[in-house]
Amino acid sequence: MEALSTTRAFPITELDTLLLALEAFGLANDDAHAERGQRMLNITRDTGQLLAVLVQARGARRILEIGTSSGYSTLWLARATSALKGKVTTVEFSPSKFELALANFARAGLNACIEPLLADAGQVLADSPEAAFEYIFLDSDRARYLAWWPLLTRALAPGGVLVVDNATSHYGEMAGFLDAIAADPGYTSCLVPVGKGEFIAVKARA
């Protein structure tokens, strides 16, 4: 009997090619610049895969991303929710990064399921209706997270998922925020050793 292959070949799509190009660009750019504002600081590929799996597992159709940068992480979220006919609202404060992300969204052909906002994230959260999002991904100004917490928990729907990047690489910068969520009886949370550390919290269903 012929042995079954233990590997499976997946076709490489144009989006996969773009993601690989953005990974290479991000690494080269960040090696060339020391100033935070000029760096892309993309998530790692395995983090993108984790984000996509969580979108599919939750069936999330209303997603908020805070910290667009080049749009690399947005594309992982958008591809995952596009199959559910969902949308990613992504917020960026830097005009130059925002323009770069817009170009990447157009190249990916995912404009229909991405709502990009050039705005202050705190204001976006303040303006968001209660339970507006089923999934929130934070990869932004870590010093502001604790102040945003009341707005974040109001905007996150019951059963919603909150994912926070850099939870191990920069834990000290947001320890109070992460500890507050971990101590909240309305959330179940864990730290996943993927990429730079992903803190995942699920809000209790009503």
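About the cut-offs
Residues numbered from 1 in each chain as written. Predicted model: local features only at pLDDT ≥ 70, side-chain atom pairs only at ≥ 80, totals over all residues. Heavy atoms only, no water. Pairing = 2+ DSSP bridges. Helix = DSSP H or I, 4+ residues; strand = E, 2+ residues; numbered from the N terminus. Axes fitted to C-alpha atoms, helices over the stretch in contact; angles between N-to-C directions. Contact = heavy atoms within 4.5 Å. Phe/Tyr/Trp six-rings, centres within 6.5 Å; stacked < 30°, edge-to-face > 60°. Lys NZ or Arg CZ within 6 Å of the ring centre and 35° of its normal. Buried < 20%, exposed > 50% of the residue type's maximum accessible area, 1.4 Å probe, protein only. Expected span 1.5 Å × (residues − 1). Arc of directions from axis to C-beta.

Draft legend 1. Just the sheet that holds strand β7 (residues 198–203), in detail. Spatially, seven strands are ordered β3-β2-β1-β4-β5-β7-β6 in an open sheet, and the strand pairing comes out mixed. The two strands at the open ends of the sheet, each matched to only one other strand, are β3 (114–118) and β6 (187–192). Between one strand axis and the next, the sheet turns by 15° as a mean value, whatever way the strands run. Bridge analysis of β6 against β7 gives six bridges, and the strand direction is antiparallel. Residue pairing in the sheet places Leu 191 in a bridge with Phe 199 of β7. Across the face of the sheet, helix α2 (residues 45–58) comes into contact with β1 (62–66), β4 (133–138), β5 (156–164), β6 and β7 while running at roughly 175° to β5. Helix-sheet contacts for helix α3 (residues 72–82) involve β1, β2 (87–92), β3 and β4, and the interaxial angle to β2 is about 165°.

Draft legend 2. Spatial organisation of the environment of Pro 116. Positionally, Pro 116 belongs in strand β3. Between the C-alpha atoms of Pro 116 and Thr 89, which are 27 residues apart in sequence, the distance is 5.9 Å. What Pro 116 contacts, discounting residues up to four positions off in sequence, is Thr 90, Phe 98, Leu 102 and Phe 105.

Draft legend 3. A look at the packing of aromatic side chains. What the rule picks out here adds up to five aromatic pairs. Aromatic pair Tyr 72 and Trp 76: ring centres 6.4 Å apart, planes at 80°, arrangement edge-to-face. Linking Tyr 72 with Trp 76, this pair stays in helix α3, spanning four residues, or about one helical turn. Chaining the aromatic ring pairs together yields one cluster made of Tyr 145, Trp 148, Trp 149, Phe 177 and Tyr 187. The ring of Trp 76 has Arg 79 lying over it, and the distance from NZ or CZ to the ring centre is 5.4 Å.

Draft legend 4. Focus on unusual backbone geometry. We note that Lys 85 has phi near 60°; this positive angle belongs to a residue other than glycine. Its location among the elements puts Lys 85 in the loop between α3 and β2. Judged by its relative accessible area of 70%, Lys 85 falls in the exposed class. In this model, Asn 166 sits at a positive phi of 65°, which is unusual for a non-glycine residue. Residue classification places Asn 166 among the buried residues on the basis of a relative accessible area of 6%.

Draft legend 5. Quick look at helix α4 (residues 95–108). Between its first and last C-alpha atoms α4 spans 20 Å; for 14 residues at 1.5 Å apiece the expected length is 20 Å, and the two agree. Residues of α4 that are buried include every one of Lys 97, Phe 98, Ala 101, Asn 104, Phe 105 and Ala 108, and no others. Around the axis of α4, the buried residues are gathered within 125° of arc, so they sit on the same side. Summarising the geometry of α4, the exposed residues directed more than 90 degrees from the buried face are Ser 96 and Arg 107. Of the residues flanking the end of α4, it is Gly 109, one or two places downstream, whose phi is positive at about 70°.

Limitation: the analysis is restricted to geometry and does not speak to function.
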